[in-house]
Amino acid sequence: MDFISILSIFVMACFVGYYVVWSVTPALHTPLMSVTNAISSVIVVGALIASAAAGASGAKWFGLVAVALASVNIFGGFAVTARMLAMYKKKERPAPKVEGQS
Amino acid sequence: MASHTDYIVALTPPSMGTGAEAVHAVNPWVAVAYLVSGVLFILALRGLSSPATSRAGNRFGMLGMLLAVVTTLVTHIPGAGESYTWGSSFVLDTSTLFEILIAIAIGGTIGFVTARRIQMTAMPQLVAAFHSLVGLAAVLVAVAAYLNPGAFGILGTDGNILTVSRIEMTLGAAIGAITFSGSVIAFAKLNGNMSGAPIILPARHVINLGTLAAIVVLTGMFTASGQAGPGENNLFWVVVALSFAIGFLLIIPIGGADMPVVVSMLNSYSGWAAAAMGFTLHNTAMIITGALVGSSGAILSYIMCRAMNRSFISVIAGGFGATASAGGEAKEQRPYKRGSAEDAAFLLKEADNVIIIPGYGMAVAQAQHVLREMGDILKEHGVNVKYAIHPVAGRMPGHMNVLLAEANVPYDEVFELEDINHEFSQCDVAFIIGANDVVNPAAKTDKSSPIYGMPVFDVEKAKTIMFIKRSMSGVGYSGVDNDVFYLDQTMMLLADAKKMVEEINKALAD
């Protein structure tokens, strides 16, 4: 892929990000932050390439440490997001005395 | 700065030729797999438009990550890489795979256990800590790419790292380093390891701008230098070191009250770091994710700034909270009405509409569960109960919503500032617990107030205001006195928030 194709993908993704993020309900801004945190750990791809590569052993070790760091984020980020989202409930109980509610 | 034409010239060679080691030109299915994983990440964020779809969204995110990791492993583990085509047999280098799986297991366990144990009140610290890890990982990947450019397919025909890749990887390392050190400071401030008060260095603007300029100039020099392989010169390392320093310098002068903006901003940086490394690796999943996360953090910073009526520049410049508390003139004692839990319970029971305004003080007092019980009792008495949340009610965007959700408050009883503010005129009781600045009318009237222009709740329109506060002496985050305390319809309930609500619940039950 040449630089311009990559740049195009990047610019389009910025626009997609802009509209998608504005459509996120403010009540979920904390889970938004934790899930973006988890997905930004896709940097693990670079870390895996470094770890798997033959050659410079320094690079390999930096890669492995990066894999471990990114894994903290991936597992931690998705788990804490799931934990938060599980707490958001609608009022489902039919409320013992229903008068004042409209 | 490298001139425009230099850049264009630099762009052409990498697109063709050099194919031998180019990791990104392996198999078209690989590119598709990364693209799909990028799209799954978009769906993960899309799901957050409503709590009902959010859990499915989170699963899309996990799937996207799994796909990206498996694709990378399948294409890069030695023995599998070059010759891999669908259906062909290949021999895995199991020792490398084993090392990688151990790294994932160690990191994953730490992450998972932390995520399960963390208190919801500590969420801002956790997010700051996670940001620092993404930043550090980005730096390490950039360093690995610098040390072993061949593996990343960024080696030119002349044996040097490609010019455009040098810019991209230095940018990735620099942003990653800023994210790391900035997040470490933000974590220390939020976690209380470090005072929330701004630390003001003399001539800090000169130091900061000088450091930033040095980073830009050195990046340019590194890009332009003929020999840029490892060991040829130290420019790359100097840029990384300066970036660690600037992240630290940028965040120490920013006060605790502005931390929601800082955390959002660092969220954005971690995204841009991932995007820059995505450019280096020509990886669509990383680029799409980086753009998503970068925009997300930027938008959240903007929302937080707007909610505090601060400009982004003034937050970054720092120093807020250093002068405000000293500004108050000698306080004269003004008359106020103090109420008891029984008085409050009586009025609440008689009310038709009650709006509860929680602030961070409620979370500090751990009063959210008893507050929800109070809401339940009132609903049984036929009272219409709503919760009103200011964007800066917690320590990070949406924090208060999470805290209420944890206390089992249904999310459809919780409303944002602009959706509920017009309802205060028909409201019988505005119940303020642990909040202060967000109900201060000085934000609307007093131009000299440090919080002037900040959107606030119109609580003074309510028939009765109940204000739970520990004592009359303390003031809000901004250090400003609040006229609401002294209004005719205000009943001050002076006690620890949790104790007071418990007493109100007892009185309501009688």
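Residues numbered from 1 in each chain as written. Chains lettered and ligands numbered in written order. Predicted model: local features only at pLDDT ≥ 70, side-chain atom pairs only at ≥ 80, totals over all residues. Heavy atoms only, no water.

**Details of the confidence of the model for chain A**
Residues and elements named next belong to chain A.
- In the predicted model, chain A carries a mean pLDDT of 87, and the fraction of residues at 70 or more is 89%.
- Summarising per-element confidence for chain A, the mean pLDDT is lowest in helix α3 (residues 44–52) (92) and highest in helix α2 (residues 29–39) (95).
- Across residues 98–102, confidence stays below pLDDT 50; counting only partners more than four residues off in sequence or on other chains, it has five contacts. (pLDDT = per-residue confidence, 0-100. Helix = DSSP H or I, 4+ residues; strand = E, 2+ residues; numbered from the N terminus. Contact = heavy atoms within 4.5 Å.)

**Here we look at a negative patch on the surface**
Residue and element names in this part refer to chain B.
- Together, Glu 342, Asp 343, Glu 373, Glu 502, Glu 503 and Asp 510 give the surface a local cluster of negative charge.
- Put simply, the parts of the chain that give the negative patch at least two residues each are α13 (341–350) and α19 (497–509).
- Assignment of secondary structure puts Glu 373 in helix α15 (residues 368–380).
- The class for Glu 373 is partly exposed, based on a relative accessible area of 38%. (Patch = residues over 30% accessible without salt bridge, like charges linked within 9 Å, V, L, I, M, F, W, Y side chains within 5 Å. Areas by Shrake-Rupley, 256 points an atom, 1.4 Å probe, with all protein chains shown as cover. Salt bridge = Lys/Arg side-chain N within 4 Å of Asp/Glu carboxyl O. Lys, Arg positive; Asp, Glu negative; His and termini not counted. Charge placed at Lys NZ, Arg CZ, Asp CG, Glu CD. Buried < 20%, exposed > 50% of the residue type's maximum accessible area, 1.4 Å probe, protein only.)

**Focus: the confidence of the model for chain B**
Residue and element names in this part refer to chain B.
- Counting all residues, the mean pLDDT for chain B is 84, and 86% of those residues have values of 70 or more.
- When the criterion is pLDDT under 50, residues 1–25 qualifies, and its contacts beyond four places in sequence or with other chains add up to 25 contacts.
- The low-confidence segment residues 323–330, where pLDDT is below 50, has two contacts with residues more than four positions distant or belonging to other chains.
- Taken over the whole predicted complex, pTM reads 0.85, whereas the ipTM for its chain interfaces reads 0.89.

**Quick word on the packing of aromatic side chains**
- Scanning the model with the defined rule gives 15 aromatic pairs over all chains in all.
- For the ring pair Phe 10 of chain A and Phe 279 of chain B, a centre distance of 5.2 Å and an interplane angle of 70° mean the geometry is edge-to-face. Separated into two different chains, Phe 10 of chain A in helix α1 (residues 3–22) and Phe 279 of chain B in helix α9 (residues 259–281) make up a pair that spans both.
- Residue Phe 10 of chain A is classed as buried on the basis of its relative accessible area of 16%.
- Measuring from ring centre to ring centre gives 4.3 Å for Tyr 146 of chain B and Phe 236 of chain B, while their planes differ by 25°; the resulting arrangement is stacked. Note that Tyr 146 of chain B is positioned in helix α5 (residues 123–147) and Phe 236 of chain B in helix α8 (residues 235–251), a separation of 90 residues in sequence.
- What makes Tyr 146 of chain B buried here is its relative accessible area of 0%.
- Owing to a relative accessible area of 0%, Phe 236 of chain B belongs among the buried residues under this scheme.
- A network of ring pairs unites the aromatic residues Phe 3 and Phe 10 of chain A together with Trp 272 and Phe 279 of chain B as a single cluster. (Phe/Tyr/Trp six-rings, centres within 6.5 Å; stacked < 30°, edge-to-face > 60°.)

**Description of the side chain of Asn 482 of chain B**
All names here are of chain B.
- Mapped onto the elements of the fold, Asn 482 is located in the loop between β5 (464–469) and β6 (490–494).
- Accessibility expressed as a relative area gives 0% for Asn 482, which makes it buried.
- A polar contact is formed between the side chain of Asn 482 and the side chain of Asn 436, at a distance of 2.8 Å.
- Residues within four places of Asn 482 in sequence aside, it is in contact with Asn 436, Val 439, Asn 440, Pro 441 and Phe 467. (Polar contact = N/O pair within 3.5 Å; in protein donor to acceptor, adjacent residues only side chain to side chain.)

**Digging into the packing of helix α6 (residues 163–191) of chain B against helix α7 (residues 204–224) of chain B**
Residues and elements named next belong to chain B.
- Across the interface, α6 lies against α7 with an axial gap of 9 Å and an inter-helix angle of 150°. Between α6 and α7, the interaxial angle falls into the category roughly antiparallel. Handedness of the crossing formed by α6 with α7: right-handed. For the pair α6 and α7, contact is made by Thr 163, Arg 166, Ile 167 and Thr 170 and by Thr 219, Phe 222, Thr 223 and Ala 224, respectively.
- Residue composition of the contact of α6 with α7, by class: three nonpolar, four polar and one charged. (Axes fitted to C-alpha atoms, helices over the stretch in contact; angles between N-to-C directions. Parallel < 35°, antiparallel > 145°, perpendicular 65-115°, else oblique. Left-handed = near helix turned anticlockwise from the far one by under 90°. Nonpolar A, V, L, I, M, F, W, Y, C, P; charged D, E, K, R; others polar.)

**Here we look at the environment of Leu 242 of chain B**
All names here are of chain B.
- As for its position among the elements, Leu 242 is in helix α8.
- Note: C-alpha distance between Leu 242 and Ala 174 (68 residues apart in sequence) is 8.2 Å.
- For Leu 242, the contacting residues outside a window of four places in its chain are Thr 211, Ala 214, Ile 215 and Leu 218.

**Observations concerning the sheet that holds strand β2 (residues 384–389) of chain B**
Residues and elements named next belong to chain B.
- Ordered in space as β3-β2-β1-β4-β5-β6, the six strands form an open sheet in which the pairing is parallel. Of all strands in the sheet, those with a lone pairing partner are β3 (414–416) and β6, marking the two edges. The mean angle between the axes of side-by-side strands here comes to 25°, regardless of whether they run parallel or antiparallel.
- Note: strand β1 (residues 353–358) against strand β4 (residues 429–433), five bridges, orientation parallel. When the bridges of β4 are listed, Ile 356 appears paired with Phe 431.
- Where helix α16 (residues 399–406) meets the sheet, it contacts β1, β2 and β3, and its direction lies at approximately 145° from that of β2. (Pairing = 2+ DSSP bridges.)

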